There are 2 protein chains.
Amino acid sequence: MTMGCDGFVFAGVASGLKKRGGKDLGLILAETPASAAAVFTRNRVQAAPVHLSRERIRSGCCRAVIANSGSANCCTGDAGRKAAQRAAALAAGALGIPEEQVLTASTGVIGLPLEVSRIEAAMPALTAALHPGGIEDFAAAIMTTDTRPKIASAGGTVGGKDFKVLGCAKGAGMIRPAMATLLAFPVPDAAMAPGLLREALATAVDRSFNRITVDGHTSTTDTVILMAGGRSGVKVETPEGCEVFQKALDEVTGALARKIVGDGEGATKLVEVRVAGAPSDAGARAVADAVANSSLVKTALFGQDANWGRVLAAAGRAGVPFEPEKADLYFDEVRMVAGGAGSGPEAEARATEVLKRREFTLTLDLHAVAGSASVLTCDFSIDYVKINADYRS
Amino acid sequence: MTMGCDGFVFAGVASGLKKRGGKDLGLILAETPASAAAVFTRNRVQAAPVHLSRERIRSGCCRAVIANSGSANCCTGDAGRKAAQRAAALAAGALGIPEEQVLTASTGVIGLPLEVSRIEAAMPALTAALHPGGIEDFAAAIMTTDTRPKIASAGGTVGGKDFKVLGCAKGAGMIRPAMATLLAFPVPDAAMAPGLLREALATAVDRSFNRITVDGHTSTTDTVILMAGGRSGVKVETPEGCEVFQKALDEVTGALARKIVGDGEGATKLVEVRVAGAPSDAGARAVADAVANSSLVKTALFGQDANWGRVLAAAGRAGVPFEPEKADLYFDEVRMVAGGAGSGPEAEARATEVLKRREFTLTLDLHAVAGSASVLTCDFSIDYVKINADYRS
């Protein structure tokens, strides 16, 4: 089955930017001008394409995105800024569209100059490869330590007409809930004004990419670009229409976020950390983040060790007031901690069985007030260290 | 050479609390009542001995500390509180001193009940083993994943008389700069009022145990107890005397902090992260903490990869405003980044040589204002994951 979304064409080719070979240059083209919105990393250190795309998205219009892996084009100075502009200009020239309507995104090693000559050389092949079913090639071209391309789609009906949202993302490392994740590109075939798109994207990102972590890092290149075409004939403009659209967009960004954590660097587990009964939702979020980012919790998950004390210890350092002697902790359906103390060897044996699952949920109920939050994380494995000790070599 | 400190005796024995065997129960006795001060973890989840010792230290007086490894006696409910009290009572009975003058400290697995019957059975052997040269046995008894006991000493002269500060500590994991480190016990043979002791200890901890990290965790059992005897005949009471005392105490806590990071779980490198030119000292500290706790920086250190982009990316997510294009980064003497961009392959080759050293310094100069800070960290190795995936098994 070929995946596509009316009005968009995609391509991904190998240009030689990736040291180890493989597809590394991708292009998305909206066949007619699309309205667009984007969110970017909040890191103080930002890659050149982030600066460029943030500037250009202000128009609310985007025709194409050119994205590469291999170099993040970050900490590359003036040459980096020029390289990002040049990449966009090359795409614009080849596609015959205005340069200002081309956004860029890069991912890979920080500090490595972007060899724009390779992009120039690959441009004819890249534009020739554009086709409606090309999203898998595009998704492969933005992968770094990802082991598989990440694609999701969903649909809805507005005013009696069906629309679709197709999206892809890359993740793997430097994933943390502080604005978006590495790169993600949802493209609906519904039409929508840029202002409404911005609201929908902010909501979707807060519910998905802002609630995942792999290693507690904020990347310098995080970019999510949402381009709304309109080929389906659906116009999203009423509150009801926006609600239907939000649901479909959330489904796509949520599925992509989950795929990112499940394919986290070295990950063998996908774990949801739920906190309930916190003093506030924000407090619940802080506690969930502390647990989800704890290397001691994450190594215990890898070791399939129901080391519940580490979960409580991580929760306790979040700076959120709660009474430890009221806390309950569940590993899926197993209540491992009741009233701040362990439930004993039998519960621990059952919790150990839960830990053998590929996916499960840790639920921490603080029994304070009604604040709740949920964060997705993965375990911390020997392979994570191996991948990151050798990443550049 | 036997290490000792006039007026103190120490012991450490194997009581069976440690699953894998070895010394696990330690005792320090001040031969005459000592004035004392202590600092404890700021984690919301605190072990039973932390509650007990915090209560008792208010008197400013302490005769003895009984410490164990194997169980942290944390999240152990009422039974845990009683076990901590019972351990202190057993020591007080055996030593013939008031129970309120005995403090306790525990380290090990969270949630595991403290088998106080083992402490009772070992008490005769423990008190019989007390001797002036026993600090190595005591230091061994508080080890968990530490590979070696940590002891340091320093001296000074006040009013023409010499005094000495002897101290020991354990560390290894759950080490983070948020109040103290796991367990540390400096014992000077100078006399000093509890109020002055508290000030001196707070200063010393801020300069030492609050500036180290292994894994970004705050333990539930962090305890530093400072007991001032007086057998040297030195009385510390003048500002000049306090200054001399502070210097000696700082020397001991600083050396212990360094030993803790150098023996961090799985550590192969001891790295000082220095930040200069930040908007403020607090800002510099936040940036240094972000770099020192970054798993991406730490895995690159393990891989001996001069991946300077990760250092800048970690600095950029600290929430501290700075201009990346002004930043310089040094690996020891090698300027790897100048004005926010890499210095090229020759500098990188030299930086890679620096990374082969066992100890080195990363200096990040933000060229904003004059704020500076320094934090000690270690690398993040495959062994860290192995140690923490199997810690309880």
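Residues numbered from 1 in each chain as written. Chains lettered and ligands numbered in written order. Predicted model: local features only at pLDDT ≥ 70, side-chain atom pairs only at ≥ 80, totals over all residues. Heavy atoms only, no water.

Trainee: Would you take a moment to explain the overall build of chain A for this structure?
Mentor: Scanning chain A for helices and strands turns up 11 helices and 16 strands. Scaling as 2.2 N^0.38, a compact globule of 393 residues should have a C-alpha radius of gyration of about 21 Å, and chain A matches this with 22 Å. Expressed along its principal axes, the backbone C-alpha trace of chain A runs to roughly 70 × 55 × 40 Å. Relative to its 393 residues, chain A shows a buried fraction of 64%. Sequence separation of at least 24 residues holds for 80% of the intrachain contacts in chain A that already meet a minimum separation of 6. As displayed, chain A offers around 13,500 Å² of accessible surface, 50% of which is attributable to carbon and sulfur atoms. Taken as two groups, the 42 positive and 42 negative side-chain charges of chain A have centres that lie 4 Å from each other. (Helix = DSSP H or I, 4+ residues; strand = E, 2+ residues; numbered from the N terminus. Rg over C-alpha atoms; globule rule 2.2 N^0.38 Å. Buried < 20%, exposed > 50% of the residue type's maximum accessible area, 1.4 Å probe, protein only. Contact = heavy atoms within 4.5 Å. Areas by Shrake-Rupley, 256 points an atom, 1.4 Å probe, with all protein chains shown as cover. Lys, Arg positive; Asp, Glu negative; His and termini not counted. Charge placed at Lys NZ, Arg CZ, Asp CG, Glu CD.)

Trainee: Just checking my understanding: could you explain unusual backbone geometry for this structure?
Mentor: Across residues other than glycine, the phi torsion is negative in most instances, and most of the peptide bonds are trans. Here the phi dihedral of histidine 367 of chain A falls at roughly 50°; this positive angle occurs in a residue that is not glycine. Inspection of the secondary structure puts histidine 367 of chain A in the loop between strand 15 (359-365) and strand 16 (371-378). For histidine 367 of chain A, a relative accessible area of 38% puts it in the partly exposed group. For asparagine 73 of chain B, which is not glycine, the phi dihedral falls at a positive 50°. Within the element layout of this structure, asparagine 73 of chain B appears in the loop between strand 3 (61-71) and helix 2 (77-95).

Trainee: Can you walk me through the environment of leucine 270 of chain B in this structure?
Mentor: All names here are of chain B. Position of leucine 270 among the secondary structure elements: in strand 11 (residues 270-278). Residue leucine 270 is classed as buried on the basis of its relative accessible area, which comes to 4%. Apart from the residues lying within four places of it in its own chain, the contact partners of leucine 270 are Arg258, Val261, Gly262, Arg358, Glu359, Phe360, Leu376 and Thr377.

Trainee: Where do I start with the confidence of the model for chain A in this structure?
Mentor: Regions with low pLDDT should not have their predicted coordinates read in detail. Mean pLDDT over chain A stands at 91; residues scoring 70 or higher make up 95%. Scored below 50 in pLDDT, residues 177-181 of chain A makes 29 contacts in the model with residues more than four places away or belonging to other chains. (pLDDT = per-residue confidence, 0-100.)

Trainee: Looking at this model, I keep getting lost on the interface of chain A and chain B. Mind explaining?
Mentor: Think of interface size as the accessible area that goes away when the parts come together; that is how it is often given. With 48 residues of chain A at the contact, the number on the chain B side is 48 residues. Between chain A and chain B the total buried area reaches about 4,100 Å² when both faces are included, carbon and sulfur atoms providing 60% of it. On the surface where chain A and chain B come into contact, there are zero salt bridges. Counting across the interface, chain A meets chain B through six residue pairs in polar contact (both at pLDDT 80 or more). Counting only elements with at least two residues in the side of chain A that touches chain B, the list comes to helix 8 (295-302), helix 9 (308-316), strand 14 (341-342) and helix 11 (382-389) of chain A. Broken down by element, the residue count for the side of chain A that touches chain B peaks at seven residues, all from helix 9 of chain A. For the side of chain A that touches chain B, the residue count by class is 23 nonpolar, 17 polar and eight charged. (Buried area = accessible area lost by both parts, 1.4 Å probe. Salt bridge = Lys/Arg side-chain N within 4 Å of Asp/Glu carboxyl O. Polar contact = N/O pair within 3.5 Å; in protein donor to acceptor, adjacent residues only side chain to side chain. Nonpolar A, V, L, I, M, F, W, Y, C, P; charged D, E, K, R; others polar.)

Trainee: Just to check I follow, could you spell out the relation of the copies chain A and chain B for this structure?
Mentor: Once chain A is rotated about the relating axis by 180° and shifted along it by 0.0 Å, it coincides with chain B to within an RMSD of 0.0 Å. In short, the pair behaves as if placed about a two-fold rotation axis. Every residue of chain A has its C-alpha some distance from the rotation axis, and the shortest such distance is that of isoleucine 382 of chain A, at 2.7 Å. Interface residue correspondence from chain A to chain B reaches 100%, placing this contact among same-surface, isologous pairings. (Least-squares fit on C-alpha atoms with pLDDT ≥ 70 in both.)

Trainee: Can you walk me through the sheet that holds strand 13 (residues 334-338) of chain B in this structure?
Mentor: Paired through their backbone hydrogen bonds, the strands of a sheet run either parallel or antiparallel. All names here are of chain B. Ordered by their spatial adjacency, six strands build an open sheet running 14-13-12-15-11-16, and the pairing between neighbours is mixed. Looking along the sheet, the strands with just one partner apiece sit at the ends: strand 14 (341-342) and strand 16 (371-378). Taken together, the seven bridges between strand 11 and strand 15 (residues 359-365) define a ladder with parallel strand orientation. When the bridges of strand 15 are listed, alanine 276 appears paired with aspartate 365. (Pairing = 2+ DSSP bridges.)

Trainee: Would you take a moment to explain the state of the cysteines for this structure?
Mentor: Residue and element names in this part refer to chain A. Tallied over the full model, the rule gives zero disulfides over all chains. In this model cysteine 5 remains outside any disulfide bridge; the closest cysteine sulfur is found in cysteine 168, 12 Å from its own. Looking at cysteine 5, the relative accessible area reads 3%, which means it is buried. The thiol sulfur of cysteine 242 is not disulfide-bonded, and the nearest other cysteine sulfur, from cysteine 5, lies at 18 Å. Using a relative accessible area of 18% as the deciding quantity, one classes cysteine 242 as buried. (Disulfide = S-S within 2.5 Å.)

Trainee: Whenever I open this one, the packing of aromatic side chains confuses me. Can you help?
Mentor: The relative placement of two aromatic rings is captured by the distance of their centres and the angle of their planes. For the structure on display, the rule yields seven aromatic pairs over all chains. When the ring of phenylalanine 380 of chain A is compared with that of tyrosine 384 of chain A, the centres are 4.6 Å apart and the planes differ by 85°; the resulting orientation is edge-to-face. Following the ring pairs from residue to residue traces out a cluster consisting of Phe380 and Tyr384 of chain A together with Phe380 and Tyr384 of chain B. (Phe/Tyr/Trp six-rings, centres within 6.5 Å; stacked < 30°, edge-to-face > 60°.)

Trainee: How should I be thinking about the pattern of salt bridges in this particular structure?
Mentor: Pairing is possible between side chains that carry opposite charge, provided their charged atoms lie close to one another. Residue and element names in this part refer to chain A. As enumerated under the stated definition, the model contains 41 salt bridges over all chains in all. The shortest N-O distance in the salt bridge between lysine 170 and aspartate 146 comes to 3.9 Å. Taken together, the residues span a long stretch of sequence, with lysine 170 in strand 6 (residues 161-170) and aspartate 146 in the loop between helix 4 (135-141) and strand 5 (150-158) at a distance of 24 residues. Overall, lysine 170 belongs to the buried group, its relative accessible area being 1%. Its relative accessible area of 6% is what places aspartate 146 among the buried residues.

Trainee: Looking at this model, I keep getting lost on the sheet that holds strand 13 (residues 334-338) of chain A. Mind explaining?
Mentor: The strand order across the open sheet formed by six strands is 14-13-12-15-11-16 (chain A), and the pairing between neighbours is mixed. For this open sheet the edge positions go to strand 14 and strand 16 of chain A, each flanked by a neighbour on one side alone.

Trainee: Hey, could you run me through the packing of helix 8 (residues 295-302) of chain B against helix 9 (residues 308-316) of chain B in this one?
Mentor: Between two packed helices, what matters for the description is the angle formed by their axes and the separation of those axes. Residues and elements named next belong to chain B. For the pair helix 8 and helix 9, the least separation of the axes is 9 Å and the interaxial angle reads 160°. As summarised for this structure, helix 8 and helix 9 are arranged roughly antiparallel, according to the angle between their axes. Viewed along their axes, helix 8 and helix 9 form a crossing whose handedness is left-handed. Residue-level contacts link Leu296, Val297, Thr299 and Ala300 of helix 8 to Arg310, Val311 and Ala314 of helix 9. Its residues assigned to classes, the contact of helix 8 with helix 9 comprises five nonpolar, one polar and one charged. (Axes fitted to C-alpha atoms, helices over the stretch in contact; angles between N-to-C directions. Parallel < 35°, antiparallel > 145°, perpendicular 65-115°, else oblique. Left-handed = near helix turned anticlockwise from the far one by under 90°.)

Trainee: Explanation requested: the pairing of strand 1 (residues 8-13) of chain A in the structure shown.
Mentor: On a regular strand, one side chain projects to one face of the sheet and the next to the other, so that they alternate. Residues and elements named next belong to chain A. Of all six residues in strand 1, six are buried; the element is thus mostly enclosed. For strand 1 and strand 2 (residues 25-40), the ladder comprises six bridges, and the chain directions are antiparallel. Bridge pairing in strand 2 places phenylalanine 8 opposite alanine 30.

Trainee: Quick question: what am I supposed to make of helix 3 (residues 116-128) of chain A here?
Mentor: An α-helical turn contains 3.6 residues, so any two residues separated by three or four positions project in the same direction. Residue and element names in this part refer to chain A. With 13 residues, helix 3 extends 19 Å between its outermost C-alpha atoms, agreeing within 8% with the 18 Å of an ideal straight helix rising 1.5 Å per residue. Of all the bends in helix 3, the greatest reaches close to 50° and is centred on alanine 122; the proline proline 124 follows between one and four positions later. Within the span of helix 3, buried status applies to Val116, Ile119, Ala122, Met123 and Leu126. (Expected span 1.5 Å × (residues − 1). Bend = angle between axes of the 7 residues up to and from the residue.)

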